[in-house]
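Examining the three-dimensional arrangement
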Amino acid sequence: ELTWITNPDSNDMQQGLFQPFCYLTDSTHLFCLKENLLKECISSLQFILKIPKILGFEFEIVLRGSYSKVRKKSDMHLSIMQMALKELQLEYRIEKKGHSDFIECVEVHIADSLKRWWCGPFLSLLKGDQEAILLRSMFGNLERMIGLLIEQTGGKLPLWLASENVRIIVVNAESKLYAEAVCSQLSQ
């Protein structure tokens with residue numbers, strides 16, 4: 001699911017793509033039994049950590065906790081997220097500032113060239129009576145992720161990101177054998 005989100009934290013409009021007023025995000029809602037919540041958190045964390053690793057980003061993991069009046073539920077969610085992070089032997093830091101929509105959230109913060117940290121992929125437990133709903137995003141803000149990737153690579157994106165890497169054009173009948181040989185070498 002792709003969602004268009006209005007960013008309430010966008011009070012500094014000079015940040016360009018890194019702090020947009022609205023942005024596009026990918027998200028997946030995972031519904032699971034309460035007894036499977038830890039297992040699903042572990043699996044989802046492994047899943048969302050693949051993207052920054054594949055793209056070669058410098059990143060850190062942040063556990064955001066909401067310390068609202070709903071302490072009992074918040075403590076349970078916090079402990080599940082902490083157990084999942086410990087099970088994967090991941091280093092993380094805790095930030096005592098939650099989002100309005102989430103109780104607990106594990107965010108992957110990605111560094112730009114100036115060593116500023118930007119939120120990327122995330123895993124959240126949703127508020128409400130249903131404690132077994134996870135919200136997962138592999139990229140977070142898609143515009144920001146693309147901006148960080150372009151910044152990191154200087155605009156020279158990896159070949160595997162291009163929809164078409166090579167096109168071999170046969171201009172006459174004699175060059176067909178040569179084109180097939182080139183195609184075979186490139187495939188290897």
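Conventions used here
- Residues numbered from 1 in each chain as written.
- Predicted model: local features only at pLDDT ≥ 70, side-chain atom pairs only at ≥ 80, totals over all residues.
- Heavy atoms only, no water.
- Helix = DSSP H or I, 4+ residues; strand = E, 2+ residues; numbered from the N terminus.
- Buried < 20%, exposed > 50% of the residue type's maximum accessible area, 1.4 Å probe, protein only.
- Contact = heavy atoms within 4.5 Å.
- Areas by Shrake-Rupley, 256 points an atom, 1.4 Å probe, with all protein chains shown as cover.
- Polar contact = N/O pair within 3.5 Å; in protein donor to acceptor, adjacent residues only side chain to side chain.
- Expected span 1.5 Å × (residues − 1).
- Salt bridge = Lys/Arg side-chain N within 4 Å of Asp/Glu carboxyl O.

This part is about the overall build of the protein chain. A tally of regular secondary structure across the protein chain gives five helices and eight strands. Across the protein chain, helices and strands are ordered from the amino to the carboxyl terminus as β-β-β-α-α-β-α-β-β-β-β-α-α. A total of 188 residues make up the protein chain; the buried ones form 40% of that total. Restricting to contacts in the protein chain with at least 6 residues of sequence separation, those with at least 24 account for 65%. Just so you have it, the protein chain exposes about 11,800 Å², and 56% of that area is on carbon and sulfur atoms.

With respect to the helices and strands, Gln152 occurs in helix H4 (residues 142–153). Discounting chain neighbours no more than four positions away, the residues touching Gln152 are Leu55, Gly56 and Phe57. Within polar-contact distance, the side chain of Gln152 engages the backbone oxygen of Gly56 at 3.4 Å.

On to H4. The end-to-end C-alpha distance of H4, which contains 12 residues, comes to 16 Å, matching closely the 16 Å that a straight helix rising 1.5 Å per residue would cover. Where H4 is concerned, the buried positions are Leu142, Arg144, Met145, Gly147, Leu148 and Leu149. One side-chain oxygen at the N-terminal end of H4 lies 3.0 Å from the backbone nitrogen of Glu143; it belongs to Asn141. After H4 finishes, the residue Gly154 shows a positive phi value of roughly 65 degrees.

The next thing to look at is the environment of Val166. Tracing the backbone through its elements, the reader meets Val166 in the loop between H4 and helix H5 (176–187). Put simply, Val166 and Leu186 are 20 residues apart on the chain and 8.7 Å apart in space, counted from C-alpha to C-alpha.

Moving on to the pattern of salt bridges. Summed over the entire model, instances satisfying the criterion amount to six salt bridges. Among the ionic pairs, Glu95 bridges to Arg64, the shortest N-O distance being 3.2 Å. Here Glu95 is found in strand S5 (residues 93–95), whereas its partner Arg64 is found in strand S4 (residues 59–65), with 31 residues between them in sequence. Neither Glu95 nor Arg64 differs from the other in exposure class; each is buried. Bridged by salt links that share partners, the residues Glu60, Arg64, Arg93, Glu95 and Glu107 form one connected network.

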